[in-house]
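Architecture and fold: a report
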Amino acid sequence: MEIHRREFVAGAGLAGLGVAASGLVSGCQSHSPAAAAPTAPRTQRFNMSGFAVDPIPTVRVGIIGLGQRGPSYIRHMRYIEGVQFKALCDLRPEKAQAAKAMLRNTAHDPELYTGEEGWKKLCQREDVDLVIVTTPYTMHTEMAVYAMKHGRHVAAAARRDFARSGYGELVKPPRRPAATA
Ligand SMILES: NC(=O)c1ccc[n+]([C@@H]2O[C@H](COP(=O)([O-])OP(=O)(O)OC[C@H]3O[C@@H](n4cnc5c(N)ncnc54)[C@H](O)[C@@H]3O)[C@@H](O)[C@H]2O)c1
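Rules of the game
Residues numbered from 1 in each chain as written. Predicted model: local features only at pLDDT ≥ 70, side-chain atom pairs only at ≥ 80, totals over all residues. Helix = DSSP H or I, 4+ residues; strand = E, 2+ residues; numbered from the N terminus. Buried ≥ 20, exposed ≤ 12 C-beta atoms within 10 Å, placed from the backbone. Contact = placed C-beta atoms within 7 Å. Arc of directions from axis to C-beta. Core = buried A, V, L, I, M, F, W, Y, C linked by C-beta atoms within 7 Å. Pairing = 2+ DSSP bridges. Right-handed = clockwise from strand over helix to strand, strands pointing away. Axes fitted to C-alpha atoms, helices over the stretch in contact; angles between N-to-C directions. pLDDT = per-residue confidence, 0-100. Near = placed C-beta within 6 Å. Nonpolar A, V, L, I, M, F, W, Y, C, P; charged D, E, K, R; others polar.

Thoughts on the overall build of the protein chain
Of regular secondary structure, the protein chain possesses 8 helices and 5 strands. Seen in sequence order, the protein chain has helices and strands lined up from the N terminus as α-α-α-β-α-β-α-β-α-β-α-β-α. Burial statistics for the protein chain: of 181 residues in total, 25% are counted as buried. Within the protein chain, counting contacts between residues at least 6 apart in sequence, those at least 24 apart form 68% of the total.

Let's talk about helix H4 (residues 69–77)
Side chains that are three or four residues apart share a direction in an α-helix, a result of its 3.6 residues per turn. Residues of H4 that are buried include every one of Gly-70, Pro-71, Tyr-73 and Ile-74, and no others. The buried residues of H4 occupy an angular sector of 155 degrees when the element is viewed end-on, so they sit on one face. In H4, the exposed residues that point more than 90 degrees away from the buried face are Ser-72, Arg-75 and His-76. Where H4 is buried, its residues contact strand E1 (59–64), strand E2 (83–90), helix H5 (93–101) and strand E4 (130–133).

Notes on the nonpolar core
Core analysis: the biggest nonpolar cluster contains 25 residues, and Ile-63, Ile-64, Leu-88, Cys-89, Leu-122 and Val-131 have the highest contact counts within it. Listed by contribution, the elements that provide at least two residues to this core are E1, H4, E2, H5, helix H6 (118–124), E4 and helix H7 (140–149). The residues touching Leu-88, leaving out its near neighbours within four places in the chain, are Ile-63, Leu-66, Ala-96, Ala-99, Lys-100, Pro-110 and Leu-112.

So, the pairing of strand E3 (residues 111–114)
Strand direction decides the pairing type here: E2 and E3, joined by 4 bridges, are parallel. Note on E3: the bridge partner recorded for Leu-88 is Leu-112. Each parallel crossover has a hand, and for E2 linked through H5 to E3 it is right-handed.

Here we look at the sheet that holds E3
With respect to topology, 5 strands assemble into an open sheet ordered E3-E2-E1-E4-E5, the strand pairing being parallel. The sheet is open, and its two borders are formed by E3 and strand E5 (153–156), each paired with just one other strand. When strand polarity is set aside, the average angle formed by the axes of neighbouring strands in this sheet is 20 degrees. As judged from the 6 bridges shared by E1 and E2, these two strands associate in the parallel manner. Among the inter-strand pairings, Ile-63 is bridged to a residue of E2, identified as Leu-88.

Remarks on the confidence of the model for the protein chain
For the protein chain, per-residue confidence averages 77 on the pLDDT scale, and residues scoring 70 or more make up 66% of the total. Contacts for the low-pLDDT stretch residues 176–181, under 50 throughout, to residues beyond four places or in other chains number 14 contacts.

A word on the site of the ligand
Close to the ligand lie 20 residues; Gly-65, Gly-67, Arg-69, Tyr-137 and Ala-157 are nearest. Looking at the shell around the ligand, the elements that each hand over two or more residues are H4 and E2. Taken together, the residues that form the shell around the ligand break down as 8 nonpolar, 6 polar and 6 charged.

What about the pairing of E1?
It is a general feature of regular strands that their side chains alternate between the two faces of the sheet. In this view, the connection linking E1 to its parallel neighbour E2 by way of H4 has right-handed handedness. Bridge analysis of E1 against E4 gives 4 bridges, and the strand direction is parallel. Looking at the pairing, Val-61 lines up with Leu-130 of E4.

Here it is as structure tokens:
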């Protein structure tokens, strides 16, 4: 079953993950012995198996957090065909300006956002397809959820210690209705 990305991330918001999941993974089977036991009650859990989105010819990117990791993504992605940096954000203006300087003499001309709330403005931009979150990991969940609720795809620079990352919140079933995009 194919689901279009805008329907997935914007139309349904994060709360829609659970709804989309039931259709996406209904055919998935676990091969673990526990799951195979005929009497074991089992609840289908959401995962991304089978998820597909429409191709995006030019991926318009915004980055939040321009310490070490953010600029390294700029360095690696700035010459990739089909990538366009539209927006860069850091709490500290000098970090945002230094990151933009890395794109001098390229086709990229990102808008800069700074301060405590700058990242929200970046996420609200309709012309950003992908938000890359490279702030300290404690902020990832809030920023990722906010971006997805505004219809953006999200990638986060994960720490190795997933258990302490708080990412579990990202895939929990919704406890309240999703905000509209
Ligand atoms: N540096 C690495 O080698 C590395 C490797 C793997 C994963 N990571 C992960 O990448 C993420 C970033 O790591 P880093 O080393 O670049 O950290 P960093 O501290 O160098 O950079 C974080 C940046 O986020 C900015 N920031 C903080 N709050 C903000 C806000 N509210 N809005 C906008 N910007 C804000 C800070 O000003 C800073 O410039 C972390 O989650 C880390 O675990 C880093």
